[in-house]
Amino acid sequence: MNLNTLAWRNLWRHKRRTLITASSIAFGVLLAVTFTGAGDYFYTRMIDAGANMGMGHITIAAPDFNRAPSSKKYLQRTEQLQQQLMQLDGIKSSMARIQGQAMFASAHKSIGGMFFAVDPEQENAENNLFIKAMVEGKMPVTASDKTIVLGVDLARKLKLTMGKKVVYTTTDKQGDIVSAIARVGGLFQTGSNEIDSAVALLPLHSVQKVLSYQQDEVSVIAVILHDQRHSHQLRDEMKKMNSFAHTEVLNWQQTQPDLAGMIAVDKSSNYISQLLIALLVAAGILNTMLMSVLERKREFGVMMALGLSPQSLFALVMLESFWLAVLGLIIGTIVTIPWYLFMSQTGIDLSAAYGDGFSFGGVLLDTVFKIRLFEESITAILIGLFTLSLCAGAYPAWRAGRVPPVESLKTI
Amino acid sequence: MEQTIVELKHLSKIYQQGELELKAVNDVSLTISKGDFAALCGPSGSGKTSILNLIGGLDEPTSGEVWLDKTELASLSKSELAEVRKNRIGFVFQSYNLIPVMTAYENAAFVLELQGVDKQTQQQRVMQTLADVGLAGLERRRPDEMSGGQQQRVAIARAIVTNPAIVLADEPTANVDSHTAEALLDLMQKLNEQQGITFLFSTHDQHVIDRAKRIIQVHDGKIAGDDVRV
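Criteria and thresholds
- Residues numbered from 1 in each chain as written.
- Chains lettered and ligands numbered in written order.
- Predicted model: local features only at pLDDT ≥ 70, side-chain atom pairs only at ≥ 80, totals over all residues.
- Helix = DSSP H or I, 4+ residues; strand = E, 2+ residues; numbered from the N terminus.
- Rg over C-alpha atoms; globule rule 2.2 N^0.38 Å.
- Contact = placed C-beta atoms within 7 Å.
- Buried ≥ 20, exposed ≤ 12 C-beta atoms within 10 Å, placed from the backbone.
- Axes fitted to C-alpha atoms, helices over the stretch in contact; angles between N-to-C directions.
- Parallel < 35°, antiparallel > 145°, perpendicular 65-115°, else oblique.
- Left-handed = near helix turned anticlockwise from the far one by under 90°.
- Nonpolar A, V, L, I, M, F, W, Y, C, P; charged D, E, K, R; others polar.
- Pairing = 2+ DSSP bridges.
- Core = buried A, V, L, I, M, F, W, Y, C linked by C-beta atoms within 7 Å.
- Domains from an automatic or database assignment.
- Arc of directions from axis to C-beta.
- pLDDT = per-residue confidence, 0-100.

**Some thoughts on the overall build of chain A**
Move 1: A count of helical and extended segments in chain A gives 15 helices and 14 strands.
Move 2: Computed over the C-alpha atoms, the radius of gyration of chain A is 30 Å, more than 25% above the 22 Å expected from 2.2 N^0.38 for a compact globule of 412 residues.
Move 3: Expressed along its principal axes, the backbone C-alpha trace of chain A runs to roughly 100 × 50 × 25 Å.
Move 4: Considering only contacts within chain A whose residues lie at least 6 apart along the sequence, 80% involve residues at least 24 apart.

Below is the structure:
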């Protein structure tokens, strides 16, 4: 009988103990999948929602625009730049936008806020959160329309309803104050008071005229990626391209440092929670293996007397840990798959506690708690728990191999 | 000329118990020759088991030398000692000490497996040895399905299946009834006479003493007598 078979049989000497320990590993898999899956899902939703709120996963702007936005800083040959972008793998869409500060005035009141001038042909509910959140009216039909879409709270404060006139005042590319008039064509409600009371959407070409921009001049190009995880790599690729030599290319971590910071903090606490769970699982395995080794001390002495080397004895106990880990991971996978399918497809609706949505890091999120695992997370969980199980078995294995046979045997 | 299998030269083993020094083996010199059927006899605590432990490389001497087939055991590493035990020594323990998750066949084949002997040879040797010890037909039984005598027969089969230079047997009849003890001794005597296997017992069982061809008296860690029966 080889060591592998012997290890497997040894594992079944105490069926209940083995199954309890394997179940603790399985429970570790379930918890790790839930925690990591929640993180993968939640962070992706936050990052995507943040990107759809204006700046994209990657933002291309004139140098220093991000630090100190101004109408004086703008991009040229936008169409050419967008064509270049679409040649890269991983780019879902790109939108040319003008963004800036403005004073919105109605017959009743003036309120400061910010505007996004967008091209309706490039924007839709998938890549623009405000369009997705429209509750009344519609987006401007063309980029030259003279309509404005307001956040519901901004409209309420200005006492505006559909079809009413708004005067917006901002500065043009020379730094001169300019004003234009628009009619309310739609209202959006994101659920975030900060956004709904301060943001307006305007047609791109109309604003270009007001700011004295040419048709291919905008302040930013917001780039939406198929997968936000590639933002670093794609940003670096863009930076190397000659077309973007005189622009500033930033990823979402740079344009939304608050969001990036909050995610980093949340990830850290998530990792700590997972580490604690892992330590509990490891303690269970260590306890089982140590008990198993101590109660077989005499048997190990016999084996060593018969010629089993300390290294082989170490290998035997490590193989027992290996099979225990494999068993735990198999049970864990069987138990976790239905849970994962339910949580990734249906999820748990938390609207009773949070209402229609909630804001995190300045980003609006829905209230259905779902999980989603990236491939690398699955690999990390399985390899992590497997390695942990082996590490937890290493000390008992080392102890088994170190005891002198005469002490294990007491008498031969 | 008799071939020496084991030679002990001024062997001592001192155990430290707090501030007390306990001389378990005290300046023992002894040779065991090929074909011996010898018994280390003496009361409990006389040092006979300690001598067996030292010969088997299970314990390290405080001073003196243990030679096994021209190899001095103190010069070997733990792994090399394991190799010597695997290839040159067979052990029979008082309480059988079979591996409980293995069948009789697998227990007997365990050392052959460690030696890397191929499966076919393993099967031939194990089946023959189990038949030699009277266990033909019981190969698939696990230790908890066998009597004490049957378990000890498996232990003897495990000890001799590799054709070791010497079989060290510590109180091999201590846990069995007198009828079984006689049967086990018959078996070991037959293996000694027919196959030339060298046996060294540690015992205070009169059955063993009566059968041994050589009686080595151990008292307070010293050899008090060494008689060969003709």
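There's plenty left to go through after this.
**Comments concerning the overall build of chain B**
Move 1: Of the regular secondary structure elements, chain B holds seven helices and ten strands.
Move 2: In terms of overall size, chain B behaves like a compact globule, its C-alpha atoms giving a radius of gyration of 17 Å where 230 residues would be expected to give roughly 17 Å.
Move 3: Here the C-alpha coordinates of chain B stretch approximately 50 × 45 × 40 Å along the principal axes.
Move 4: When burial is assessed residue by residue, chain B has 47% of its 230 residues classed as buried.
Move 5: Counting contacts in chain B only where the partners sit at least 6 residues apart, residues at least 24 apart contribute 71% of the total.

**A few points about the packing of helix α2 (residues 15–55) of chain A against helix α12 (residues 310–345) of chain A**
All names here are of chain A.
Move 1: It is at 7 Å that the axes of α2 and α12 come closest, and there the two elements cross at 40°. Relative to α12, α2 is oriented oblique. With respect to the hand of their crossing, α2 and α12 are arranged in right-handed fashion.
Move 2: Looking at the contact of α2 with α12 residue by residue, the classes come out as 15 nonpolar, nine polar and no charged.

**Structural notes on unusual backbone geometry**
Move 1: In this structure, D64 of chain A is a non-glycine residue whose phi angle is positive, near 75°.
Move 2: Structurally, D64 of chain A is set in the loop between β1 (58–61) and α3 (78–85).
Move 3: Of note in the backbone geometry, D69 of chain B takes a positive phi value of approximately 50° without being a glycine.
Move 4: When you line up the elements, D69 of chain B lands in the loop between β4 (63–68) and β5 (71–72).
Move 5: In this structure D69 of chain B comes out as partly exposed when scored by C-beta crowding, with 16 C-beta atoms within 10 Å.

**Details of the pairing of strand β7 (residues 177–188) of chain A**
All names here are of chain A.
Move 1: As defined by bridge partners, strand β4 (residues 134–137) adjoins β7 across three bridges and the pair is classed as antiparallel. Note that in β7 the partner of G137 across the bridge is G186.
Move 2: Both strand β5 (residues 147–151) and β7 contribute to a ladder of five bridges, which runs parallel. Bridge assignment links V149 to a residue of β7, and that residue is G186.
Move 3: One ladder, built from seven bridges, connects strand β6 (residues 165–171) with β7; its direction is antiparallel. Residue pairing across strands places K165 opposite R183, the latter belonging to β7.
Move 4: In textbook terms, the turn of a hairpin is the stretch between consecutive antiparallel strands, and for β6 and β7 this stretch comprises five residues, one of which, G175, has a positive phi near 95°.

**Notes on the nonpolar core**
Move 1: Counting residues in hydrophobic clusters, the biggest one holds 110 residues, and the most contacted among them are L40, A108, A157, V167 and L168 of chain B.
Move 2: If you tally residues by element for this core, the top one is α12 of chain A, at eleven residues.
Move 3: With residues near it in sequence (within four places) discarded, A108 of chain B still touches V126, T129, L130, V154, A157, R158 and V161 of chain B.

**What about the environment of T255 of chain A?**
Residues and elements named next belong to chain A.
Move 1: Structurally, T255 is set in helix α9 (residues 252–255).
Move 2: Measuring from C-alpha to C-alpha, the distance between T255 and G56 comes to 9.1 Å, with 199 residues separating the pair along the chain.
Move 3: Among all residues touching T255, those that are not within four sequence positions of it are M55, T59, N66 and L250.

**As for the domain arrangement of chain A**
Move 1: The domains assigned to chain A are domain 1 (3–49 + 260–409) and domain 2 (63–246).
Move 2: In this structure, domain 1 of chain A and domain 2 of chain A have C-alpha centres spaced 48 Å apart.

**Remarks on the sheet that holds β5 of chain B**
Residues and elements named next belong to chain B.
Move 1: Taken in spatial order, the four strands make up an open sheet running β2-β1-β4-β5, and their pairing is antiparallel. What marks the edges here is a single partner per strand, and that holds for β2 (20–33) and β5.
Move 2: One ladder, built from ten bridges, connects strand β1 (residues 4–17) with β2; its direction is antiparallel. Bridged to K13 within β2 is V25.
Move 3: Across the face of the sheet, helix α1 (residues 48–55) comes into contact with β1, β2 and β4 while running at roughly 65° to β2.

**Brief notes about the environment of N53 of chain B**
All names here are of chain B.
Move 1: Looking at the element boundaries, N53 is found in helix α1.
Move 2: Given 27 C-beta atoms within a 10 Å radius, N53 is considered buried.
Move 3: When the C-alpha atoms of N53 and E72 are compared, they prove to be 15 Å apart, with 19 residues separating the residues in sequence.

**With respect to helix α1 (residues 3–11) of chain A**
Because an α-helix packs 3.6 residues into every turn, residues spaced three or four apart end up facing the same way.
All names here are of chain A.
Move 1: Of the residues making up α1, those classed as buried are L6, A7, N10 and L11. Down the axis of α1, the buried side of the element spans an arc of 140°, and every buried residue falls inside it.
Move 2: Close packing links the buried residues of α1 with α2 and α12.

**Observations regarding the confidence of the model for chain B**
Move 1: Across chain B, the average pLDDT comes to 88, with 99% of residues at 70 or higher.
Move 2: Across the interface, the model reports ipTM at 0.85; the global pTM reads 0.75.

**Topic: helix α3 (residues 104–115) of chain B**
Move 1: Extensive coverage of α3 of chain B is indicated by the burial of ten of its twelve residues.
Move 2: Every buried residue of α3 of chain B is accounted for by A104, Y105, E106, N107, A108, A109, F110, V111, L112 and L114 of chain B.
Move 3: Here the buried face of α3 of chain B lies against α11 (297–306) of chain A together with α2 (78–88), α4 (119–132) and α5 (148–160) of chain B.
Move 4: Looking at the residues trailing α3 of chain B, positive phi occurs at G116 of chain B, about 80°.

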